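# Examining the three-dimensional arrangement
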Amino acid sequence: MTIKESKGKLTGVIVVIAVVIAVVIYFMSGLWPIRFKNELDAFFGEGNWEKISSETNTSMMYTVHHYTSDGLYNYDSDGTYTKWYILFTRDDEEEIWTISNHTYKINHSKYSILSADRYSAKQALVQQLMDISCEVAAEKVQYDLLSEILNEEQIESLRVSISYRNGNPSPTFYNRLFKQDWFNVENSTAENYLKTDLYEFYIDILAYDYKFNQLSDEDQADLLNSLDEIEQLLLDTYGEYAAYEIYLGEGYSAEAE
């Protein structure tokens, strides 16, 4: 075999390997539960979660541009995204939550690769995990803390969430958030979000109109008159870190930053 033939075969092998690596990277980039197993282990607990199913949906939030082989614009189509269903155990109860790459794909359709507002895949994943974490924390406020002063029907008439001020955090925020030792399902509490100096979080308590109207007259009056008691409970529980917005109805609202 000549040197030229050897070089040709070596080049061919390198090309094949490069193609295989590219295919593997492309394949793995779309399988977040595999690609980010370590991150999901850290958040849900190693051995405490599994992907039970997935689905691909059409998005109305971003458009894919298609081009011909010579680079000319051809047509547009709706984008697609993947949703993964994650089963995990919390407080000895099995729960199913979802993560998706929808926000990631919308973000990438909006911002160029050089933009500071463009998410990495991991940042987009952490944003999804933060949504889960905030919901878990809000549930604890609604069903554990507020149950000290409200009955079940009154609690169910509320929407409690952990929110934030000053617009959406920058992508780099999610890098810092993931490094916090409390950022996992087990330690998802309103207190941890209120205390962090990473961003300005607060507790948002809102009475749903239609659910409020389903309450008895007595429960409606009692819920409205409980505003001061709810506010004091939050102040007593979270102290100097207490931040909240409460709206139970016209003339029944309170706020602390």
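Here, every reference points to the structure presented above.
Residues numbered from 1 in each chain as written. Predicted model: local features only at pLDDT ≥ 70, side-chain atom pairs only at ≥ 80, totals over all residues. Heavy atoms only, no water.

The subject of this paragraph is the overall build of the chain. Helix and strand content of the chain: 11 helices and 7 strands. Here the chain holds 257 residues, and 38% of them are scored as buried. A total accessible area of about 15,200 Å² is found for the chain, and carbon and sulfur atoms account for 50% of it. (Helix = DSSP H or I, 4+ residues; strand = E, 2+ residues; numbered from the N terminus. Buried < 20%, exposed > 50% of the residue type's maximum accessible area, 1.4 Å probe, protein only. Areas by Shrake-Rupley, 256 points an atom, 1.4 Å probe, with all protein chains shown as cover.)

With that out of the way, let us pick up unusual backbone geometry. A positive phi is found at D92, a non-glycine position, where the angle reads about 65 degrees. Turning to its location among the elements, D92 is positioned in the loop between β2 (73–90) and β3 (93–100). At N166, a position not held by glycine, the phi torsion is positive, near 70 degrees. Summarising the element assignment, N166 is placed in the loop between β4 (158–164) and α7 (171–178). Judged by relative accessible area, which is 63%, N166 ranks as exposed.

Further remarks concern the nonpolar core. F44, F183 and I203 are the most contacted members of the largest nonpolar core, which totals 63 residues. Counting residues per element, this core draws most heavily on helix α5 (residues 121–145), at 13 residues. If we skip the residues at most four places from it in the chain, I203 touches V141, V160, S161, I162, A190, L194, L234, Y238, A243, Y244 and E245. (Core = buried A, V, L, I, M, F, W, Y, C linked by side-chain atoms within 4.5 Å. Contact = heavy atoms within 4.5 Å.)

The full count for this structure, using the stated rule, is 9 salt bridges. Between R165 and E200 there is a salt bridge, with its nearest N and O atoms 3.6 Å apart. A residue pair is termed long-range when its members are at least 10 positions apart, and R165 in the loop between β4 and α7 and E200 in the loop between α8 (190–195) and β5 (201–207) qualify at 35 residues. Residue classification places E200 among the partly exposed positions, given a relative accessible area of 31%. In this structure, R165 engages E245 in a salt bridge whose closest nitrogen and oxygen atoms are separated by 3.4 Å. Taken as a pair, R165 in the loop between β4 and α7 and E245 in strand β6 (residues 244–249) lie far apart in primary sequence, 80 residues in all. Put simply, R165, E200, E245 and E255 are held in one network by salt bridges that share partners. (Salt bridge = Lys/Arg side-chain N within 4 Å of Asp/Glu carboxyl O.)

It is worth spelling out α5 at this point. An ideal rise of 1.5 Å per residue puts 36 Å on 25 residues; α5 measures up with 35 Å between its terminal C-alpha atoms. Burial within α5 is extensive, with 18 of its 25 residues counted as buried. (Expected span 1.5 Å × (residues − 1).)

The final tally for this structure, using the stated rule, is 18 aromatic pairs. Measuring from ring centre to ring centre gives 4.7 Å for F44 and F88, while their planes differ by 40 degrees; the resulting arrangement is tilted. You can see F44 sitting in helix α3 (residues 37–44) and its partner F88 sitting in strand β2, a full 44 residues away along the chain. Neither F44 nor F88 differs from the other in exposure class; each is buried. When the ring centre of Y202 is taken as reference, the NZ or CZ atom of R165 above it lies at 4.1 Å. (Phe/Tyr/Trp six-rings, centres within 6.5 Å; stacked < 30°, edge-to-face > 60°. Lys NZ or Arg CZ within 6 Å of the ring centre and 35° of its normal.)

Any link to function would need more than the numbers given here.
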